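Structural overview
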Amino acid sequence: MSRTASSAAENHVLAAIGSGRARSRREISQVLGLSASTVSQHVQSLLTQGLVEEGDARDSTGGRRAKELRLAGDTELIGVIDLGGAHARLGVVPRGGDLVRTAEIAITLDDGPRPVLEHCVSELERLAEGAPIAGVGIALPGPVDVASRGVVSPSRMPGWGGVDIGQILSDIAAVPAVVENDANAMALGEHFAHSPHPSGSVTLKAGTAIGSGIVVDGQVYRGAAGAAGDITHTRVASARDRQCTCGNRGCLETVASGAALVRLLQEEGVDVSSTAEVIALVRDAHPRATALTRAAGHHLGEVLCAVVNFFNPSAIHLGGALSSLEPFVSALRSEVYEGSHPLMTRDLTIAPAALGADASLVGVSRQVNEHLTGLLRG
Ligand SMILES: [Zn+2]
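This structure is a prediction, so every number in the text was calculated from the model and none was measured. (Residues numbered from 1 in each chain as written. Predicted model: local features only at pLDDT ≥ 70, side-chain atom pairs only at ≥ 80, totals over all residues. Heavy atoms only, no water.)

**Here's the deal with the overall build of the protein chain**
Counting secondary structure elements, the protein chain contains 13 helices and 14 strands. Whereas a compact globule of 378 residues would reach a radius of gyration of roughly 21 Å, the protein chain reaches 22 Å, a difference of no more than 12%. In the protein chain, the proportion of contacts linking residues at least 24 apart, taken out of those at least 6 apart, comes to 61%. Surface accessibility of the protein chain: about 16,500 Å² in total, with carbon and sulfur atoms responsible for 51%. If the 31 positive side-chain charges of the protein chain are averaged to one point and the 40 negative ones to another, these points end up 4 Å apart. (Helix = DSSP H or I, 4+ residues; strand = E, 2+ residues; numbered from the N terminus. Rg over C-alpha atoms; globule rule 2.2 N^0.38 Å. Contact = heavy atoms within 4.5 Å. Areas by Shrake-Rupley, 256 points an atom, 1.4 Å probe, with all protein chains shown as cover. Lys, Arg positive; Asp, Glu negative; His and termini not counted. Charge placed at Lys NZ, Arg CZ, Asp CG, Glu CD.)

Below you can see the structure in the form of structure tokens.
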């Protein structure tokens, strides 16, 4: 690349802006651990050299407004895909910027990777409106092996196991591709959406299933097998010997997920068939749906106490459809605050997820940015 910066520190500032890790002087200061005056000096130098541009003021989540910094003359976009069971959410985002356009398309996972990804890429090209796409990223609903770029146990994605999804996506789009698990992508998006950025965060996705992602020092923590954060299969006493989808018995998932609530209500003769219907009942103050949802919040909170005591995160972000229900959230919060060591909860924030349906898109776009910046810097 032709960009040359005058010092190593300036290069780090440039990389932080180019990768999207930091988009304001304050964020650069946080991410790189530099003083405000040093950052200001480097940014001024990069602006003078024409390597960086300063954009319009934008709202940060704290309500404060900061000037947005981005690479100069960068018209390239990143295309991102959040693959669900029956739909894919798609978006395009400038390098180091915010999502500019999103869309949702119906897909059939059973068609297999290539037809589904071809459909997604053609939709991304439509969203790009003629602008070049520099890289693509995809968030998948299952554990992902980042090295082989495939799904590990594709129980929900038959026909998708054992293939390099990143390679197929890269072949179709003719640009580099990044593959990530959706809970990890969501966690990364949420981590940077809250101000100030937490040192360590856990983001929960409590919907039909329960997932979570862990971010430490700005990076996704994956664990040895890439399955870190999969708290849904933690055994809880109240689940007794209920059969879980993983083959084990007594998992949290069997009493605290949306799927579990559907089944528990059906066992009591209530006519429900989906998590959305359970949510509607709770909003309608249906006594049994409300009681079971509150119990689900307690069960999840109980497992989170162990997470909080072990990991001492500074933030827990609550996402997924169940997190929109007051009885669920208040039960979870009280369980965590009562059941964790006071030192662990002293500086702990439990906050609603900020990005809604876009969290995974934002998170995976950060990873594509980092990947592309890494390629440029060799
Ligand atoms: Zn299980």
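**With respect to the domain arrangement of the protein chain**
Along its sequence, the protein chain is carved into domain 1 (3-71), domain 2 (77-186 + 358-377) and domain 3 (195-353). The distance between the C-alpha centroids of domain 1 and domain 3 comes to 37 Å. (Domains from an automatic or database assignment.)

**Describing the packing of helix α1 (residues 8-18) against helix α3 (residues 36-48)**
Close contact between α1 and α3 brings their axes to 10 Å; oriented N to C, the two are set at 80°. Here α1 is positioned roughly perpendicular relative to α3, judged by the angle of their axes. Along its contact with α1, which presents Ala9, Glu10, Val13 and Leu14, the element α3 presents His42, Val43, Ser45 and Leu46. Of the residues contributing to the contact of α1 with α3, the split by class is five nonpolar, two polar and one charged. (Axes fitted to C-alpha atoms, helices over the stretch in contact; angles between N-to-C directions. Parallel < 35°, antiparallel > 145°, perpendicular 65-115°, else oblique. Nonpolar A, V, L, I, M, F, W, Y, C, P; charged D, E, K, R; others polar.)

**Some thoughts on unusual backbone geometry**
Where the residue is not glycine, phi is negative for most of them; where a peptide bond is considered, it is trans in most cases. Each neighbour pair has its own omega, and for serine 195 with proline 196 the value is -5°, a cis peptide bond. Its identity is not glycine, yet alanine 174 carries a phi of approximately 60°, on the positive side. Inspection of the secondary structure puts alanine 174 in the loop between α5 (165-173) and β9 (177-181). Notably, aspartate 217 is not glycine yet its phi reads approximately 50°, a positive angle. Relative to the helices and strands, aspartate 217 resides in the loop between β11 (210-216) and β12 (219-220). Residue aspartate 217 is classed as exposed on the basis of its relative accessible area, which comes to 66%. (Buried < 20%, exposed > 50% of the residue type's maximum accessible area, 1.4 Å probe, protein only.)

**Quick look at helix α4 (residues 113-128)**
Across its 16 residues, α4 extends 22 Å between first and last C-alpha, which sits within 8% of the 22 Å expected from 1.5 Å per residue. When we look at burial in α4, the residues that qualify are Pro113, Val116, Leu117, Cys120, Val121, Glu123, Leu124, Leu127 and Ala128. Along the long axis of α4, the arc covered by the buried residues comes to 165°, so they all point the same way. Backbone geometry just downstream of α4 places glutamate 129 in the positive-phi region, at approximately 50°. (Expected span 1.5 Å × (residues − 1). Arc of directions from axis to C-beta.)

**Focus on the pattern of salt bridges**
It is possible for side chains bearing opposite charge to pair when their charged atoms get close. As enumerated under the stated definition, the model contains 15 salt bridges in all. In this structure, the salt-bridge partner of arginine 89 is glutamate 104, at a minimum N-O distance of 3.0 Å. Separated by 15 residues along the polypeptide, arginine 89 in strand β4 (residues 87-94) and glutamate 104 in strand β5 (residues 101-106) bring together distant segments of the chain. With a relative accessible area of 18%, arginine 89 lands in the buried category. (Salt bridge = Lys/Arg side-chain N within 4 Å of Asp/Glu carboxyl O.)

**Concerning the environment of isoleucine 28**
Mapped onto the elements, isoleucine 28 comes out in helix α2 (residues 25-32). What makes isoleucine 28 buried here is its relative accessible area of 0%. Residues isoleucine 28 and serine 334, 306 residues apart in the sequence, show an inter-C-alpha distance of 35 Å. Leaving out residues up to four positions away in the same chain, isoleucine 28 has contacts with Val13, Ile17, Ala22, Gly33, Val39, Val43 and Leu69.

**Remarks on the sheet that holds strand β6 (residues 133-140)**
One open sheet holds the five strands; their spatial order is β5-β4-β3-β6-β9, and the pairing between them is mixed. Edge strands, defined here as strands with exactly one partner in the open sheet, are β5 and β9. The average angle at which neighbouring strand axes cross in this sheet is 20°, direction not considered. As paired strands, β4 and β5 are joined by six bridges and run antiparallel to one another. What sits directly across from valine 92, in β5, is arginine 101. The sheet strands contacting α5 are β3 (77-83), β6 and β9, and the helix crosses β6 at an angle near 145°. (Pairing = 2+ DSSP bridges.)

**What to know about the pairing of β4**
With six of eight residues buried, β4 is to be regarded as a mostly interior element. Taking the residues that link successive antiparallel strands as the turn, the β3-β4 hairpin has three residues. Adjacent in sequence and paired antiparallel, β4 and β5 are bridged by six residues, among which glycine 96 carries a positive phi angle near 75°.

**A short note on the coordination of the zinc ion**
The zinc ion binds to the protein through His233 (ND1), Cys244 (SG), Cys246 (SG) and Cys251 (SG); the donor distances cover 2.0 to 2.3 Å. Viewed at the metal, the four donor atoms of the zinc ion are separated by angles of 104 to 122°, and the geometry they form is tetrahedral. Sequence spacing of the donor residues for the zinc ion, all on one chain, is H-x10-C-x1-C-x4-C. (Donors = N, O, S within 2.8 Å, 3.2 Å for Na, K, Ca; no water. Tetrahedral: all angles 85-135°; square planar, octahedral: opposite > 155°, others 65-115°.)

**Quick notes on the side chain of arginine 366**
One can find arginine 366 in helix α13 (residues 359-377). One buried charged residue, arginine 366, forms no salt bridge at all, with the nearest opposite charge on glutamate 27 at 5.3 Å. Apart from residues no more than four positions distant in its own chain, arginine 366 is found in contact with Ser19, Gly20, Arg21, Arg23, Leu188 and Phe192.

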